[in-house]
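# Overview (structure and organization)
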Amino acid sequence: MAETLFWTPLLVAVPPAVHITYHAHLQGHPDLPRWLRYTQRSPHHPGFLYGSATPEDRGLQVIEVTAYNRDSFDTTRQRLVLEIGDPEGPLLPYQAEFLVRSHDAEEVLPSTPASRFLSALGGLWEPGELQLLNVTSALDRGGRVPLPIEGRKEGVYIKVGSASPFSTCLKMVASPDSHARCAQGQPPLLSCYDTLAPHFRVDWCNVTLVDKSVPEPADEVPTPGDGILEHDPFFCPPTEAPDRDFLVDALVTLLVPLLVALLLTLLLAYVMCCRREGRLKRDLATSDIQMVHHCTIHGNTEELRQMAASREVPRPLSTLPMFNVHTGERLPPRVDSAQVPLILDQH
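First, a word on scope: everything that follows refers to the structure included in this document. The structure presented is a predicted model; accordingly, all values stated were derived computationally and were not measured.

How each quantity is defined
Residues numbered from 1 in each chain as written. Predicted model: local features only at pLDDT ≥ 70, side-chain atom pairs only at ≥ 80, totals over all residues. Heavy atoms only, no water. Pairing = 2+ DSSP bridges. Helix = DSSP H or I, 4+ residues; strand = E, 2+ residues; numbered from the N terminus. Axes fitted to C-alpha atoms, helices over the stretch in contact; angles between N-to-C directions. Disulfide = S-S within 2.5 Å. Buried < 20%, exposed > 50% of the residue type's maximum accessible area, 1.4 Å probe, protein only.

This next bit is on the sheet that holds strand β5 (residues 59-69). Here we have three strands laid out as an open sheet, ordered β2-β5-β6, and antiparallel in their pairing. With partners counted over all chains shown, the strands left at the sheet margins are β2 (20-26) and β6 (75-84), one partner each. For this sheet the average axis-to-axis angle between neighbouring strands, irrespective of direction, equals 20°. In terms of strand pairing, β5 meets β6 through ten bridges, oriented antiparallel. In the strand pairing of β6, Q61 is matched with L82.

What follows is the structure, given as structure tokens:
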């Protein structure tokens, strides 16, 4: 059954300077059918709906198209009714797919570029009528987005069918020898003149030929059996399984972790409780200067706490100017305390 390419431009009667974008989806669904694609290069260019339906897509499909005016924010909605049936015309068992790197998908959808491509391809094929079957962007096949450089294109796969057999030139391009040369970075074998150049730059290493003239053999239907395996001398399953007592396994599984946890607990208790050095050993191992410093800090702390408890206590001796912090002696009253420094020189 031959495929048929469907495409239609999405146009709204507005001046060319108005920015228009489109959104298309299947009625009652958020997206388009799996066989239909939509493309629009920019709001200045028209949008295209294109695709090739399969026999599973037969029936009536309604496509809703909404046009958005980016300048006035007006919207227009239209319905496109598609009735998909069996394709008419002769069968096209010989199909070839070419990767054209010099064009984008929307550039070959209009009738003029498509007719030019088919006319140029007629010089490489046996005489016969060629029909455009499908157009697919290279980005949908895993291609990379080209750099924003003038002359760089995304690329497009063009599928063509015919009732005439492939020419010797096309068979040589798709031969294993050509694929081996392409794998080594060399151009494939092309025994005829490239009639597609220079208008269409075809990647001859990505040419696929499909011959549907010979029907494929039907898959063998498995015959259901009785569900009993045949006798196999190498497979001897045990007839009887001995009884096993899982009591020992359960005890080992439970008691071993408990014993390990108990030993760890006892070891930790011994380290924490039985290995303490004590205050006496700690004081003996501490130097006298450090102990005096510690006792001084402790005494000052107690004194501050007593002062905080009762505000009416006299000033501490350490704050009086006539108190010698080193000897602990008081100066005679006849000495002017204002002339005595707070910290006397050490003798």
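From this point, things continue past the structure.
Whether parallel or antiparallel, the strands of a sheet pair through hydrogen bonds between backbone atoms. Pairing is antiparallel across the open sheet formed by four strands, whose spatial order is β8-β9-β7-β10. Each having just a single partner strand, β8 (130-137) and β10 (202-211) make up the two edges of the open sheet. Adjacent strand axes in the sheet meet at a mean angle of 20° when their direction is disregarded. Of the pairings in the sheet, the one linking strand β7 (residues 94-100) to strand β9 (residues 156-162) comprises seven bridges and is antiparallel in character. Residue pairing across strands places L99 opposite Y157, the latter belonging to β9.

This part covers the state of the cysteines. When the sulfur atoms of two cysteines share a covalent bond, that bond is a disulfide. For the structure on display, the rule yields two disulfides. In this model C169 forms its disulfide with C192; the gap between the sulfur atoms is 1.9 Å. Taking the sign of the S-S torsion, -65° for the link of C169 and C192, the bridge is left-handed. Highlighted residues: C169 in helix α3 (residues 168-173) and C192 in the loop between α4 (176-183) and β10, separated in sequence by 23 residues. Overall, C192 belongs to the partly exposed group, its relative accessible area being 25%.

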